[in-house]
There are 2 protein chains.
Amino acid sequence: MALIVQKYGGSSVADTASLKRVAQRVVAAHRAGHDVVVVVSAMGDTTDDLLDMAAELNPDAPKREMDMLLSAGERISMSLLAMAITAEGVPAYAYTGRQAGIHTDTRYGKASITGMVPERVARALHTGSVAIVAGFQGVNDRGDVTTLGRGGSDTTAVALAAALNADVCEIFTDVDGLFTADPRIVPLARQVRKLDYQETLELAANGAKILHLRAVEYARRYRVPLHVRSSFSDKLGTWIADDRPASTLAGYLDPDSFDRKEQDMEQPIISGIAHDRSQEKITVAGLPDKPGTAAELFRQVAAADANIDMIVQNIAVNVPGRSTITFTCQSGDAKDILERLEKAREILDYREIVYNPEIGKLSLVGAGMRTNPGISARFFEALSKAGVNVEMISTSEVRISVIVDADRLDEAVRALHAEFNLDAQETEAVVYGGTGR
Amino acid sequence: MALIVQKYGGSSVADTASLKRVAQRVVAAHRAGHDVVVVVSAMGDTTDDLLDMAAELNPDAPKREMDMLLSAGERISMSLLAMAITAEGVPAYAYTGRQAGIHTDTRYGKASITGMVPERVARALHTGSVAIVAGFQGVNDRGDVTTLGRGGSDTTAVALAAALNADVCEIFTDVDGLFTADPRIVPLARQVRKLDYQETLELAANGAKILHLRAVEYARRYRVPLHVRSSFSDKLGTWIADDRPASTLAGYLDPDSFDRKEQDMEQPIISGIAHDRSQEKITVAGLPDKPGTAAELFRQVAAADANIDMIVQNIAVNVPGRSTITFTCQSGDAKDILERLEKAREILDYREIVYNPEIGKLSLVGAGMRTNPGISARFFEALSKAGVNVEMISTSEVRISVIVDADRLDEAVRALHAEFNLDAQETEAVVYGGTGR
């Protein structure tokens, strides 16, 4: 018998009908003898509706009040789910972030978990009940509600799974799992059966939207096995861990089914292609080519509380003693960064700033890169054949990322998907099959 | 400078536009130099919408989860109001029942306040901020959210006003104050300018829906002056206290304006007429006329957790050694009571049960009754003239109540309103005038 943490996102609990379906799934796992902890997001558009009202009343709303406001969404969904499960004859108790012992720092809107003491959750399980926990929220030392940022419910679920030493943390979503690429761009994209933490981190960090990056980091640190799957079917999803599923899960899912048959024939080199349209590019041209310039530049950027992603520095070709730094940031942060750079013009002593919001980022991810040389040659060859110009490059042990023109992003993704044989074959269709495999 | 607690009901915070209007009213009081604590209900239909969803998922939902669910409504309205006030340039902080130190017992759905420690509220006032508190909710010793029952936000406001020693607790609603009768039944009903606690208690207990009975009891016990007024105008409402407004309120409202001019001419004997359609009548006929019978009967009724209101006992005319007991209860409780009485037929040894849901209760309330004999004669004479049959009677020091046929209730209210000269005169129209009077 296993301890299972299930997390349901907003689309899985959009209305009372969906809540009933989720309740039945939870009850089935509980009736099979497992301990079940459920983490829920707010129902459907609740969070967006609350944000709209807040924006109408105060475009610059205090963050403490914003977190209190947004936390109401999960309280509604968790209470209703507890009622729906109880209606099926299984005792269920819902807990807020505070009641579930989720302590955070005080950074409203993007708090980090500083401590997990899910004592009431453990007690509920001990008495044979289902425990439901509000995703996305915690409490700080002042006794105020904090939220973990968009997608924070994933983090709540993984953190609970880690604290309770769960056998698996299941992330239920509206798709079947992680895919080799976004199926809206690549119709032949295949579901990925199994990923290790490193690959998943790279995919999540580089634009795959199914999983929250912080949740994956948490899962890797505490070795929490993740299972990303659809709340609309019983199909197996994507297994994320460095190991196979625990034997305790045998009655719940088929551990063997995650081992791809085709691995006997050929180790897949590439797991998937992530893309990201949310970045923008800023080039600061003609900076003095001397020590400290880059440090001062990024001090200014950091003051905007912005995360920058890729950075490239070049010598300015026609201007001796000058260099150029280009970096990418999230589109929401660009305005603030540009204003700060403008103000710091004298300190930084640059010649020009070029701002390009029309870029796309594409990342090829695969653990097989570690042992397969020649991947990057094939990568750039394929982009070149497709006529896609590369503007920036960055790599990690298991990833190659490039910035390309936004208009060419889809084409670039498709070209690489084909080049690395990720396109689904006729016979591959069974990959989507039920739990029987 | 005064400390003012303002409570806004659901219709006063129905949407973002209403929240803005409330924010402006709060800010005006704050800018005038007063300390302002605001208690809010859930926005408009939020609570009903949540109840509908809950009923759909589980008609017999666990009460703990129900309280958690319903408490979300006030968290939304209070956070949004804090944002709206902050947008006006005044610092504002919103506090849940727990954060405001509102401790209750564990009777979910109808919890009683057991302790008030509004430390954070007092600190917010001390720093020159507006403090907003979620109405209707508290926290029990287990750390779980409880609700105070329908209308519980009034109780929250009065309890806070008592704990903070406020100069006034203002109950903002969608009508101008308390009236001599329901204006939907008596078009000539007048607004009452001033009531003492006893009169208000009798009105609230006997069907006047503007104020929650428990809130009035709380106000009387702790001598909290209440001001019931409209959130849609600046008109003076109804002042409820045994004294005149405190002099500290002079800059906020005109204490003199609550002293009716017409009192010089004639002390009003009757303050108002309350009516109540929510009661039903149960008659248990042919009970053994011996000690203990009534006790056993009401033990059975109490087991249904029902509040009974009026009770009449008669000797059964044609059956020697038998008596008949008739009582009224809230309509929602009748079914359970009838089932229990049916089951207890052998123990109670009665002949027959007669159930009549088609009754109406009418109560004439006025402090002047204490010193004016002959009121009851006029009361019954007027009903008799109007051809209204009286089924049950109960009285207190300042009240006469009767049960009549539901169909005749409106007529009875109108007849008494005219008999006791409560109908508005042409010149009385200025009673509704602005704060200038």
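A short tour of the structure in this document, coming up. (Residues numbered from 1 in each chain as written. Chains lettered and ligands numbered in written order. Predicted model: local features only at pLDDT ≥ 70, side-chain atom pairs only at ≥ 80, totals over all residues. Heavy atoms only, no water.)

A word on empty space enclosed by the protein
Phase 1 of the analysis: A full pass over the atoms with the stated rule returns four cavities of 30 Å³ or more.
Phase 2 of the analysis: By volume, the largest cavity is sized at about 150 Å³.
Phase 3 of the analysis: Considering the residues around the largest cavity, the lining is formed by 19 residues, among which Arg-75, Thr-96 and Arg-98 of chain A together with Arg-75 and Arg-98 of chain B are closest to the centre.
Phase 4 of the analysis: At the level of elements, β7 (137–139) of chain A together with α3 (63–87) and β7 (137–139) of chain B are the ones that each hand at least two residues to the lining of the largest cavity.
Phase 5 of the analysis: The class makeup of the residues in the lining of the largest cavity is five nonpolar, 10 polar and four charged. (1 Å grid on protein atoms, 1.4 Å probe; cavity = no way out; pocket = protein on both sides within 12 Å on 5 of 7 lines; lining within 4 Å. Points joined across faces, edges and corners; volume = space filled by probe spheres on them. Helix = DSSP H or I, 4+ residues; strand = E, 2+ residues; numbered from the N terminus. Nonpolar A, V, L, I, M, F, W, Y, C, P; charged D, E, K, R; others polar.)

What to know about the nonpolar core
Phase 1 of the analysis: One finds Ile-85 and Ile-132 of chain A together with Ile-85 and Ile-132 of chain B to be the most contacted residues of the largest nonpolar core, which totals 76 residues.
Phase 2 of the analysis: Setting aside its immediate chain neighbours within four residues, Ile-132 of chain A contacts Val-38, Val-40, Met-78, Leu-81, Ala-82, Ile-85, Ala-92, Tyr-93, Ala-94 and Tyr-95 of chain A. (Core = buried A, V, L, I, M, F, W, Y, C linked by side-chain atoms within 4.5 Å. Buried < 20%, exposed > 50% of the residue type's maximum accessible area, 1.4 Å probe, protein only. Contact = heavy atoms within 4.5 Å.)

Brief notes about the sheet that holds strand β16 (residues 322–330) of chain B
Residue and element names in this part refer to chain B.
Phase 1 of the analysis: The strand order across the open sheet built from four strands is β15-β16-β14-β17, with neighbouring strands paired in antiparallel fashion. Two strands in the sheet have a free side with no partner beyond their single neighbour: β15 (308–315) and β17 (352–356). In this sheet, neighbouring strand axes are inclined to one another by 15° on average, regardless of whether the strands run parallel or antiparallel.
Phase 2 of the analysis: Where β15 and β16 come together, six bridges link them in antiparallel fashion. Along β16, the bridge assignment pairs Asn-314 with Thr-324. (Pairing = 2+ DSSP bridges. Axes fitted to C-alpha atoms, helices over the stretch in contact; angles between N-to-C directions.)

So, the interface of chain A and chain B
Phase 1 of the analysis: In this complex, chain A contributes 41 residues to the contact, which on the side of chain B involves 41 residues.
Phase 2 of the analysis: Taking both sides of the interface into account, the surface hidden between chain A and chain B amounts to around 3,400 Å²; carbon and sulfur atoms contribute 63%.
Phase 3 of the analysis: Looking only at chain A, the three residues that lose the most surface to chain B are Leu-57, Arg-75 and Met-83 of chain A, adding up to 21% of its buried area.
Phase 4 of the analysis: Viewed at the interface, chain B and chain A are joined by two salt bridges.
Phase 5 of the analysis: Two residues, Arg-120 of chain A and Asp-144 of chain B, come together in a salt bridge whose shortest N-O distance is 3.0 Å.
Phase 6 of the analysis: Where the side of chain A that touches chain B is concerned, the elements lending two or more residues are α1 (16–31), α2 (46–57), α3 (63–87) and β3 (92–95) of chain A. (Buried area = accessible area lost by both parts, 1.4 Å probe. Salt bridge = Lys/Arg side-chain N within 4 Å of Asp/Glu carboxyl O.)

Side note on the side chain of Asp-167 of chain A
Residue and element names in this part refer to chain A.
Phase 1 of the analysis: Locating Asp-167 in the fold gives a position in the loop between α5 (152–163) and β9 (168–173).
Phase 2 of the analysis: Among buried Asp, Glu, Lys and Arg side chains, Asp-167 stands out as unpaired, with Arg-229 the closest opposite charge at 13 Å.
Phase 3 of the analysis: A polar contact of 2.7 Å, which involves the side chain of Asp-167, links it to the backbone nitrogen of Leu-3.
Phase 4 of the analysis: Here the side chain of Asp-167 touches Thr-248 through a polar contact of 2.8 Å, side chain to side chain.
Phase 5 of the analysis: Those residues in contact with Asp-167 that sit more than four places away from it in its chain are Ala-2, Leu-3, Pro-225, Ala-246, Thr-248 and Leu-249. (Lys, Arg positive; Asp, Glu negative; His and termini not counted. Polar contact = N/O pair within 3.5 Å; in protein donor to acceptor, adjacent residues only side chain to side chain.)

Re the packing of helix α8 (residues 293–303) of chain B against helix α9 (residues 334–343) of chain B
Residues and elements named next belong to chain B.
Phase 1 of the analysis: Two elements in contact, α8 and α9, have axes whose closest approach is 8 Å; the angle formed by their N-to-C orientations is 135°. Relative to α9, the element α8 is oriented oblique. Crossing angle aside, the handedness with which α8 passes α9 is right-handed. Every residue of α9 that contacts α8 at Leu-297, Gln-300, Val-301 and Ala-303 is listed here: Ile-337, Arg-340 and Leu-341.
Phase 2 of the analysis: Classifying every residue of the contact of α8 with α9 by side-chain character gives five nonpolar, one polar and one charged. (Parallel < 35°, antiparallel > 145°, perpendicular 65-115°, else oblique. Left-handed = near helix turned anticlockwise from the far one by under 90°.)

Things to note about the environment of Val-301 of chain B
Residue and element names in this part refer to chain B.
Phase 1 of the analysis: Of note, Val-301 is situated in helix α8.
Phase 2 of the analysis: Among the residues examined, Val-301 registers a relative accessible area of 2% and is labelled buried.
Phase 3 of the analysis: Each C-alpha atom, one on Val-301 and one on Leu-338, is 8.7 Å from the other, the two residues being 37 residues apart in sequence.
Phase 4 of the analysis: In this structure, Val-301 is in contact with Ala-306, Ile-308, Phe-327 and Ile-337, ignoring residues within four places of it in sequence.

A short note on the layout of surface pockets
Empty space among the atoms becomes visible once a probe the size of a water molecule is rolled across them.
Residues and elements named next belong to chain B.
Phase 1 of the analysis: Of the volumes computed, that of the second largest pocket is approximately 1,600 Å³.
Phase 2 of the analysis: As for the second largest pocket, its lining consists of 43 residues, of which Lys-110, Arg-150, His-212, Asn-307 and Gln-330 are closest to the centre.
Phase 3 of the analysis: When contributions to the lining of the second largest pocket are tallied by element, the ones reaching two or more residues are α2 (46–57), α3, α6 (197–205), α7 (213–222) and β15.
Phase 4 of the analysis: Looking at the lining of the second largest pocket, the element that brings in the most residues is α3, giving four residues.
Phase 5 of the analysis: Broken down by class, the residue content of the lining of the second largest pocket amounts to 15 nonpolar, 13 polar and 15 charged.

What to know about the relation of the copies chain A and chain B
Phase 1 of the analysis: For the pair chain A and chain B, the best superposition has an RMSD of 0.1 Å and corresponds to a rotation of 180° with a translation of 0.0 Å parallel to the axis. Overall, the copies show the geometry of a two-fold rotation axis. Considering only C-alpha atoms, the residue of chain A closest to the rotation axis is Ala-72 of chain A, which sits at 2.6 Å.
Phase 2 of the analysis: A shared binding surface is used by both copies, with 100% of the interface residues of chain A retained as interface residues in chain B. (Least-squares fit on C-alpha atoms with pLDDT ≥ 70 in both.)

What to know about unusual backbone geometry
Residues and elements named next belong to chain B.
Phase 1 of the analysis: Its identity as a non-glycine residue notwithstanding, Asn-165 has a phi of 55°, on the positive side.
Phase 2 of the analysis: Turning to its location among the elements, Asn-165 is positioned in the loop between α5 (152–163) and β9 (168–173).
Phase 3 of the analysis: For Asn-165, a relative accessible area of 65% corresponds to the exposed category.
Phase 4 of the analysis: The backbone of Asp-305 shows a phi angle near 55°, a positive value even though the residue is not glycine.
Phase 5 of the analysis: Topologically, Asp-305 is positioned in the loop between α8 and β15.
Phase 6 of the analysis: Asp-305 gets classed as exposed once you look at its relative accessible area, which sits at 54%.

Re the sheet that holds strand β12 (residues 238–240) of chain A
Residue and element names in this part refer to chain A.
Phase 1 of the analysis: An order of β3-β6-β2-β1-β9-β11-β12-β10 is seen for the eight strands of this open sheet, with the pairing classed as mixed. Unpaired on one side and paired on the other, β3 and β10 (194–195) mark the two borders of the sheet.
Phase 2 of the analysis: When strand β11 (residues 226–230) meets β12, the two strands line up antiparallel, connected through three bridges. Along β12, the bridge assignment pairs Leu-226 with Ile-240.
Phase 3 of the analysis: Contacting β1 (3–8), β2 (35–40), β6 (130–134), β9 and β11, α5 crosses the sheet at an angle of about 155° to β2.

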